[in-house]
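# Report on the structure
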Amino acid sequence: MLKNKSESNTLKILISLFSMKIGFFQFEPKFLEVEENINLIISELEKTQNFDLLVLPELANSGYVFKNKEELRKVAEEIPKGVFIFHLEDICKNKNAYVVSGVAEKKGSTFFNSSVLIGPEGYISTYRKLHLFDREKLFFEPGNKPLEIYDIGKAKVGLMICFDWIFPETTRILALKGAEIICHSANLVLPYSQTAMLARSVENAVYTITANRIGVEKNDEISLNFTGQSQITSPKMETLAKAGKDTVELKTVDIDPEIAKNKWINERNNLFKDRRIEYYSILTEK
Ligand code: ACM
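Described below are features of the structure shown in this document. (Residues numbered from 1 in each chain as written. Predicted model: local features only at pLDDT ≥ 70, side-chain atom pairs only at ≥ 80, totals over all residues. Heavy atoms only, no water.)

## As for helix α2 (residues 34-46)
Cut-off, in case you're wondering: Comment: elements are numbered from the N terminus, with helices defined as DSSP H or I runs of at least four residues and strands as E runs of at least two. By this rule the span expected of a helix is its residue count minus one, scaled by 1.5 Å. Partly exposed describes any residue whose relative accessible area lies between the buried limit of under 20% and the exposed limit of over 50%, with all areas from a 1.4 Å probe on protein chains only and scaled to the type maximum. By arc we mean the arc of the directions from the helix axis to the C-beta atoms, nothing more. Any two residues whose heavy atoms approach within 4.5 Å are treated as being in contact.
Between its terminal C-alpha atoms α2 stretches 18 Å, which fits the 18 Å expected from 13 residues at 1.5 Å a residue. Every buried residue belonging to α2 is among V34, N37, I38, I41, E44 and L45, and all of these are buried. The buried residues of α2 occupy an angular sector of 140 degrees when projected down its axis, which confines them to one face. Where the residues of α2 are buried, they touch β1 (20-26), β2 (53-55), α3 (69-75), α4 (83-95), β3 (98-107) and β14 (249-255).

## Overview of the packing of aromatic side chains
As a reminder of what qualifies: Only centres within 6.5 Å qualify two rings of Phe, Tyr or Trp (six-membered ring in Trp) as a pair; their planes then separate them into stacked at under 30 degrees, edge-to-face at over 60, and tilted for everything else. For a lysine, the NZ atom is tested; for an arginine, the CZ atom; a charge sits over a ring if that atom is within 6 Å of the ring centre and within 35 degrees of the ring normal.
Taken as a whole and judged by the stated rule, the model has 7 aromatic pairs. Ring centres 4.8 Å apart and planes at 15 degrees place the aromatic pair F25 and F27 in the stacked group. In this structure, F25 and F27 share a single accessibility class: buried. With centroids separated by 6.3 Å and ring planes inclined at 75 degrees, the aromatic side chains of F66 and F140 adopt a geometry described as edge-to-face. Residue F66 is located in the loop between β2 and α3, and its partner F140 is located in the loop between α5 (136-139) and β6 (149-151); the two are separated by 74 residues in the primary sequence. On the accessibility criterion, F66 (0% relative accessible area) is buried. Note on F140: relative accessible area 3%, which makes it buried. Taken together, the ring pairs connect F31, F66, F139 and F140 into an aromatic cluster. When the ring centre of F112 is taken as reference, the NZ or CZ atom of R128 above it lies at 4.1 Å.

## Things to note about the sheet that holds β6
Defined as follows: A pair of strands counts as paired when DSSP detects no fewer than two bridges linking them. To obtain an axis, a line is fitted to C-alpha atoms, over the contacting stretch when the element is a helix, and the angle between two such axes runs from 0 to 180 degrees between their N-to-C directions.
Strand order in the open sheet formed by 6 strands is β6-β7-β8-β9-β12-β13, and the pairing between neighbours is mixed. Two strands lie at the open edges of the sheet, namely β6 and β13 (239-242), each paired on one side alone. The sheet shows a mean angle of 20 degrees between the axes of neighbouring strands, direction not considered. When strand β7 (residues 156-161) meets strand β8 (residues 181-185), the two strands line up parallel, connected through 5 bridges. Paired with I161 across the bridge in β8 is S185. With respect to the sheet, helix α6 (residues 168-176) is in contact with β6, β7 and β8, its orientation differing from that of β7 by roughly 165 degrees.

## A closer look at the sheet that holds β1
Pairing is mixed across the open sheet formed by 6 strands, whose spatial order is β5-β4-β3-β2-β1-β14. Here the strands that pair on one side only, and so sit at the sheet edges, are β5 (122-128) and β14. With direction set aside, neighbouring strand axes in the sheet form an average angle of 30 degrees. Across the sheet, α2 is in contact with β1, β2, β3 and β14; its angle to β1 comes to roughly 145 degrees.

Set out below in structure tokens:
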């Protein structure tokens, strides 16, 4: 029992020191309209109450359904000197917060489907999507950098993009490296990922933030319907927040990242220590 008001205030301060507000912004990036997408992100994030970490969808600067590399070249940007990153840096500085966002990246004459981590001090790092989906293989190079995690003060975070979800190795590696929150920028079209990410959470005891997009994009060759339902999942396989299928929504929740440090599921079972790696070598064979 707390004895008095000052004890209860101290407890509140301690809880707020260790808890963290995390969220996603689900919207419909307008195809090839970088400025419009930036303006929407700025206006929505600026008016949002404080948050510590917010995740935006895959290719949030550009949209998704490219017809050719010419279209992609018009909107992809060098990281970190492009206009999209510049504005995200400004938001992070103003909000004293971290943002993860999908971005079409240009590197010389090649393109990557990337996601960036930006904080109050500016640009931090880039993840390049390892597992390209379908027509993405026509335009983007597959990622060429290892999966890394980043200490953002209140938690350690890892980045992955959309179709990476179907390769459980992605989340596992991030979790083994120490990620407590997995930031999953997405443009999902298959109906499985939101359910699968609950499994990714519980099998690694991590939080996940899937920031998906909404809307339909089409050209002469293809029409894609994005599935929305962005969500935040917990190490205990709870859905802490979920958006609708076709609504623009920004949602945040308070979490305790410490919970994701505990990999014990009972006195005798530990998610990481109990792995039988001597029987897993096929996982890294070609
Ligand atoms: C996807 O990886 N954008 C489906």
